[in-house]
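A look at the structure
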Amino acid sequence: MRKKLPGIYQAPLNKKVDHNKDVFYSFRSSKEQNQNLAPTREVFGKEENSVQEEIDRVFHSTRHSFNIPVTFTTKEKTYHTKLIGKAGNYILTRDEEEVNIDDILTFHIEK
């Protein structure tokens, strides 16, 4: 009663397949080229983005931007707090403070 199922077609491989090496080497060369094209400021051995880039990274990421721990410094004070949101040109903190983005000197996301 049992019938034999038809075989599955398998195309013959007549050449060597090494796609992963090509992709890896092309990624490596483009990364080296990007490092040479975009100079960045270095502070204490770390690359530092501008304040606006860091703020945009928080609020335009795929993760939810509520309650992200950050450290930023203004002309008057250093804040170690969590973000609630952004309204216009102000950052709203969990400590119920509005901070003008133009007043921020440094901005870092804590991990």
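Residues numbered from 1 in each chain as written. Predicted model: local features only at pLDDT ≥ 70, side-chain atom pairs only at ≥ 80, totals over all residues. Heavy atoms only, no water.

Quick word on helix α2 (residues 51-59)
This is how it is decided: Remark: exposure states derive from per-residue accessible area (1.4 Å probe, protein chains only) relative to the maximum for the residue type, with buried under 20%, exposed over 50%, and partly exposed in between. Numbering of helices and strands starts at the N terminus; helices are DSSP runs of H or I of at least 4 residues and strands are runs of E of at least 2. As used here, the arc belongs to the directions running from the helix axis to the C-beta atoms.
Every buried residue of α2 is accounted for by Val51, Glu54, Ile55 and Val58. Down the axis of α2, the buried side of the element spans an arc of 95 degrees, and every buried residue falls inside it.

Some remarks on the packing of aromatic side chains
Stated precisely, the cut-off is as follows: Only centres within 6.5 Å qualify two rings of Phe, Tyr or Trp (six-membered ring in Trp) as a pair; their planes then separate them into stacked at under 30 degrees, edge-to-face at over 60, and tilted for everything else.
Applying the stated criterion across every chain, the model contains 2 aromatic pairs. A ring pair is formed by phenylalanine 72 and tyrosine 79, whose centres lie 4.8 Å apart and whose planes are at 25 degrees; its orientation type is stacked. Of the residues examined, tyrosine 79 reaches a relative accessible area of 10% and is grouped as buried. Arranged with centres 5.8 Å apart and planes meeting at 20 degrees, the rings of phenylalanine 72 and phenylalanine 107 form a pair that is stacked. Of this pair, phenylalanine 72 sits in strand β3 (residues 69-74) while phenylalanine 107 sits in strand β7 (residues 104-109), placing them 35 residues apart in sequence.

Digging into the pairing of strand β4 (residues 78-87)
Going by this rule: A pair of strands is labelled paired if DSSP reports no fewer than 2 bridges between them.
As defined by bridge partners, β3 adjoins β4 across 5 bridges and the pair is classed as antiparallel. Within the sheet, the bridge partner assigned to threonine 71 lies in β4 and is histidine 80. Linking two consecutive strands that pair antiparallel, namely β3 and β4, is a turn of 3 residues. Bridging between β4 and strand β5 (residues 90-93) involves 4 bridges; their strand directions are antiparallel. Residue pairing in the sheet places lysine 86 in a bridge with isoleucine 91 of β5. Count of turn residues in the β4/β5 antiparallel hairpin: 2 residues, of which glycine 88 carries a positive phi of about 65 degrees.

As for the nonpolar core
Operational definition: The criterion is simple. A nonpolar core is a set of buried Ala, Val, Leu, Ile, Met, Phe, Trp, Tyr and Cys residues joined through side-chain atoms within 4.5 Å.
Counting residues in each nonpolar core, the largest one holds 13 residues, and the members touching the most others are Ile55, Val70, Phe72, Leu83, Ile91, Ile104 and Phe107. Going through the elements one at a time, α2, β3, β4 and β7 are the ones with two or more residues in this core.

Details of the confidence of the model for the protein chain
For clarity, the threshold we go by: pLDDT: the predictor's confidence for each residue, scored from 0 to 100. Residues count as neighbours in contact if any of their non-hydrogen atoms are within 4.5 Å of one another.
On average, residues of the protein chain carry a pLDDT of 76, and 70% of them reach 70 or more. When the elements of the protein chain are averaged for pLDDT, strand β1 (residues 41-43) gives the smallest value, 40, and strand β6 (residues 98-100) the largest, 92. Segment residues 36-48: pLDDT under 50, and 6 contacts once partners within four positions in sequence are set aside and those in other chains are kept.

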